[in-house]
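# Residue-level structural notes
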Amino acid sequence: MIYHKMAWAGLILVFLAPGACNDSDVPEKSESSYLLDLTEQVDVAIQENDFRKADSLAFRVIEEAGDAGEYEPLIDVQIELASSYLERNRIREARELITETLDLIEDHGSALQEMRALIQLSNFHFMSNNESEGLETINEAISFIPEVDHPQAAATAYASRARAIARHNPAEALVLYLKALNIFIEEEDFRNEAVVRNNIGQIYHDRKDHELAMKEFEQAMQINRELGNDIHLAMNYNNVANTLSELNRKQAAADSLMKAIEINQSMGISPSLIRNYYNLGRIYLDYGEYEEAYTIFEQAYEESRSINFMPGVMHHATGLAEVLLHTERYSDVQAYIDESRELAENMENLDILAKGWDLQMQLREETGDFQGALLALREQQAYSDSLDHIRRDREFEEVRTAYEVDLKSAENELLRQELSYQERLSRNQRLLLFIMILGVLSIAAFLVVLYRNQRKLGRAYRSLEQKNHLISLKNAQLKKLNEDLKQLNADKDRLIDIIVHDLRNPLFGVIGFLDVMADSVSGKEEIQHLEMARNSAYRLNELIDSLLDVHSLEKHSDDVELKKVRVDDILTDCLENFSEPARKKGIVVDSNLVSLEVESYPSYLLRIVENLVSNAIKFSPKNSRIRVHAGQKDRDSWQLTVSDEGPGFSDADRKKMFSMFGRLSAKPTGGEASTGLGLYTVNMLVHRLRGRISLESTEGKGSTFIVELPNRKNETDAVNETSREMTVDVDR
């Protein structure tokens with residue numbers, strides 16, 4: 001998944017011969033000729049990328065031509081200025097100027113000027129991802145070609161249409177590009193020749209013909225170096241890097257990208273610079289240099305946001321999620337996946353959607369959520385199947401279109417030869433044999449092309465069969481995995497039944513017997529030993545209760561009936577229930593609760609609060625402080641935080657804190673029992689309520705659990721904050 005770059009604004013019409021006229025010179029010409037000379041200087045300044053000079057001269061022409069009523073130079077300079085705005089990604093200004101110019105052309109302009117303005121308007125639509133209007137506009141511009149009879153205008157129109165259809169119909173686009181290239185070479189329009197060669201190279205790159213792609217890119221680079229066109233030279237370096245990367249020449253590709261970045265950085269943040277960063281980040285990712293890749297993706301992600309370049313945000317969010325997965329930093333992966341997937345859905349980018357579900361599957365596997373991983377795999381396969389279908393259609397369409405183009409070319413050639421034959425026959429009978437031979441050769445060439453296309457079509461069908469076979473294998477693997485998961489779930493249920501019937505009932509007998517013995521034992525040492533046995537039995541019973549509780553929750557449906565709940569009432573009741581354990585350890589519980597009513601499931605919500613507060617008390621040192629806060633986060637969600645001054649979480653603890661029976665390095669400070677199921681239960685219930693839980697912790701300095709839950713009531717009650725402090729006197 002690599003960013004490519006083709007030129008839109010680069011197709012600048014240069015209809016006027018470059019002239020030399022200093023600002024201080026006052027030529028002895030008419031006002032119209034003088035203004036046309038200044039317009040030529042604007043065009044030259046744009047070609048030299050001296051946009052400050054170009055803007056200054058253009059505004060001068062606009063002012064003086066407007067005052068003098070000279071519409072020809074006024075319209076010409078506004079078209080050139082709009083083109084330079086597009087090249088500098090000043091999209092809004094370009095659109096306003098093009099619209100104003102078209103209104104002016106309607107009353108005072110020529111057909112050639114209207115054609116030029118329509119070409120720039122189509123470029124605006126394409127750069128704004130408005131493909132349908134762009135095609136409609138460029139087709140309207142092409143309709144002017146017979147009327148204006150201007151080769152460069154025709155070539156520019158052909159190239160603009162080719163750029164628009166290159167992705168869906170590369171064969172037709174290549175024909176149009178070659179037609180435009182011949183005109184630009186004949187007219188010695190080197191700037192636009194370089195643009196067209198770059199875009200032809202991109203078509204060859206997409207068709208995996210890397211040798212031809214490199215040849216076109218290098219010719220474009222040579223022209224842009226001679227012209228001093230740094231903007232397009234940076235574009236060439238980017239595309240050369242993509243081709244080198246396809247050839248697995250990663251270091252050479254990175255070097256080429258660094259040259260592009262150096263040029264684009266000097267011009268400020270732009271979509272071109274962001275594309276360079278992404279391609280370089282992908283190379284570092286392929287090399288396994290994850291920190292370098294993360295730094296580049298993060299910088300480009302922020303810069304994309306700063307210029308509101310949503311494709312950049314989408315691609316770099318995907319890159320960040322992939323790097324974080326590789327480095328096992330899972331906490332922020334989901335946010336980046338969700339963001340890239342949302343943008344991809346808006347832009348209908350199936351590649352990013354498939355990649356997003358693949359990353360989702362990996363995240364679920366790494367965090368132990370195998371059911372979620374299976375669901376993500378199914379989604380990923382759905383998008384992958386769609387992509388395969390689209391690619392197969394495109395491959396078939398390319399073969400069909402290429403065949404039709406070759407067939408049409410052969411027919412035209414045969415017709416031309418036949419006409420030539422008739423003409424020459426009337427002049428000289430001796431040319432008859434030569435023309436017949438030429439016709440036979442043309443037919444032979446057509447047959448060769450037809451044979452090659454049939455072979456290509458055969459390879460395409462064989463490729464389809466192989467892909468269908470792979471899909472069948474993957475479906476079989478999924479079926480086997482599903483059966484294994486069902487067996488594991490059945491084994492787990494049988495284990496729970498064993499615990500209930502074969503372990504819990506005898507344990508009740510042991511506890512009862514120990515209680516009876518407590519009344520008959522008098523020796524201090526015997527009492528101590530008996531107390532240790534009773535504590536162990538009670539802890540085992542607590543573990544069994546917790547395990548059965550978790551098992552019951554897991555079997556419970558994810559769909560629960562939501563009710564209106566007063567969050568502050570639930571929290572207040574819960575904190576009162578824990579007042580005695582807190583008092584025994586001298587712990588102060590601060591609560592900052594907001595009067596808040598939401599739609600939730602009361603039982604789940606109570607369990608979440610009880611487990612978090614219980615954990616905070618267990619792992620907090622004596623005479624410390626616990627803080628509980630609940631309140632509205634935004635219009636659609638509310639937030640619960642529980643903070644303590646305990647030992648905090650190490651990096652190793654973070655990886656397993658939400659796993660079943662996850663034993664952490666920290667131990668309860670008052671000898672309390674810990675089953676290893678509390679945080680597992682909290683995480684499960686939070687996700688069932690469609691929320692998220694996160695941890696802020698510094699080892700040795702306490703922890704804060706943050707739970708964010710949706711407010712399905714979709715309205716916020718008046719917020720009245722109250723602060724309560726629950727203080728327990730140790731001496732009481």
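Residues numbered from 1 in each chain as written. Predicted model: local features only at pLDDT ≥ 70, side-chain atom pairs only at ≥ 80, totals over all residues. Heavy atoms only, no water.

Averaged over every residue, the pLDDT of the chain is 77; residues scoring 70 or more account for 76%. Throughout residues 5–30 the model reports pLDDT below 50, and contacts reaching past four residues in sequence, or to other chains, amount to 76 contacts. Contacts from residues 714–732, a stretch scored under 50 in pLDDT, to residues over four places away or in other chains number 42 contacts. (pLDDT = per-residue confidence, 0-100. Contact = heavy atoms within 4.5 Å.)

It is worth spelling out helix α17 (residues 333–347) at this point. Because the α-helix completes a turn every 3.6 residues, residues three or four places apart line up on one side. Taking 1.5 Å per residue as the helical rise, α17 with its 15 residues ought to reach 21 Å, and the 21 Å between its terminal C-alpha atoms agrees with that figure. Taken residue by residue, α17 has V333, Y336, I337, E339, S340, R341, L343 and A344 as its buried positions. Where the residues of α17 are buried, they touch α15 (290–306), α16 (310–326) and α18 (350–366). E348, located one to two residues past α17, shows a positive phi value of around 55°. (Helix = DSSP H or I, 4+ residues; strand = E, 2+ residues; numbered from the N terminus. Expected span 1.5 Å × (residues − 1). Buried < 20%, exposed > 50% of the residue type's maximum accessible area, 1.4 Å probe, protein only.)

With that settled, the discussion passes to a nonpolar patch on the surface. On the surface, a cluster of nonpolar side chains totalling about 320 Å² of accessible area is made up of L433, I437 and L441. Position of L433 relative to the elements: it lies in helix α20 (residues 432–520). Among the residues examined, L433 registers a relative accessible area of 59% and is labelled exposed. (Patch = residues over 30% accessible without salt bridge, like charges linked within 9 Å, V, L, I, M, F, W, Y side chains within 5 Å. Areas by Shrake-Rupley, 256 points an atom, 1.4 Å probe, with all protein chains shown as cover. Salt bridge = Lys/Arg side-chain N within 4 Å of Asp/Glu carboxyl O.)

Once that is clear, we can look at the pairing of strand β5 (residues 637–644). The buried count for β5 comes to seven of eight residues, which makes it a mostly enclosed element. Here strand β4 (residues 625–634) runs beside β5; their pairing, made up of seven bridges, is antiparallel. Bridge assignment links D634 to a residue of β5, and that residue is S637. Taken together, the eight bridges between β5 and strand β7 (residues 703–710) define a ladder with antiparallel strand orientation. For S637, the partnering residue across the bridge sits in β7 and is P710. (Pairing = 2+ DSSP bridges.)

So, on to the environment of S132. Here S132 shows up in helix α6 (residues 131–142). Taking the C-alpha atoms as reference points, S132 and S122, separated by 10 residues in sequence, lie 9.8 Å from one another.

To continue, consider the pattern of salt bridges. Summed over the entire model, instances satisfying the criterion amount to 22 salt bridges. Its salt-bridge partner being K208, residue E246 comes within 3.4 Å of it at the nearest N-O pair. With E246 in helix α12 (residues 230–246) and K208 in the loop between α10 (190–206) and α11 (210–227), this pair connects stretches of sequence that are 38 residues apart. On the basis of relative accessibility, which here comes to 36%, the residue E246 falls in the partly exposed class. D286 is the salt-bridge partner of K250, the closest N and O atoms lying 3.2 Å from each other. Taken together, the residues K250 in helix α13 (residues 250–265) and D286 in helix α14 (residues 271–287) connect sequence positions 36 residues apart. Relative accessible area serves as the criterion here: at 46%, D286 is assigned to the partly exposed category.

It is worth spelling out unusual backbone geometry at this point. The backbone of N623 sits at a positive phi, close to 60°, despite the residue not being glycine. Examined against the element boundaries, N623 turns out to sit in the loop between α24 (602–619) and β4. The phi dihedral of R690 is positive, around 60°, even though this residue is not glycine. Its location among the elements puts R690 in the loop between α26 (678–688) and β6 (692–697).

A cluster of basic side chains, namely R207, R455, K456, R459 and R462, defines a positive patch on the protein surface. Among the structural elements, K456 can be located in helix α20. A relative accessible area of 32% places K456 in the partly exposed class. (Lys, Arg positive; Asp, Glu negative; His and termini not counted. Charge placed at Lys NZ, Arg CZ, Asp CG, Glu CD.)

Moving on, we come to the nonpolar core. Of all hydrophobic cores here, the largest spans 83 residues; its most connected members are M115, Y158, Y177, V196 and I200. With nine residues, helix α8 (residues 151–165) is the largest single contributor of residues to this core. In this structure, C574, L605, L640 and M657 belong to the second largest nonpolar core, which totals 41 residues. (Core = buried A, V, L, I, M, F, W, Y, C linked by side-chain atoms within 4.5 Å.)

There is a patch of like negative charges on the surface, built from E100, D103, E106 and D107. Take D107: it is sitting in helix α4 (residues 91–108).

As a further point, take the packing of aromatic side chains. Overall, the coordinates contain four aromatic pairs when judged by the stated rule. Their ring planes at 90° and their centres at 5.6 Å tell us that Y301 and Y336 sit as a pair that is edge-to-face. Taken together, the positions of Y301 in helix α15 and Y336 in helix α17 put the pair 35 residues apart, joining distant regions of the chain. The cationic tip of K179 hangs over the ring face of Y158; the distance from NZ or CZ to the ring centre is 4.8 Å. One cation-aromatic arrangement involves R329 over Y294; the distance from NZ or CZ to the ring centre is 4.8 Å. (Phe/Tyr/Trp six-rings, centres within 6.5 Å; stacked < 30°, edge-to-face > 60°. Lys NZ or Arg CZ within 6 Å of the ring centre and 35° of its normal.)

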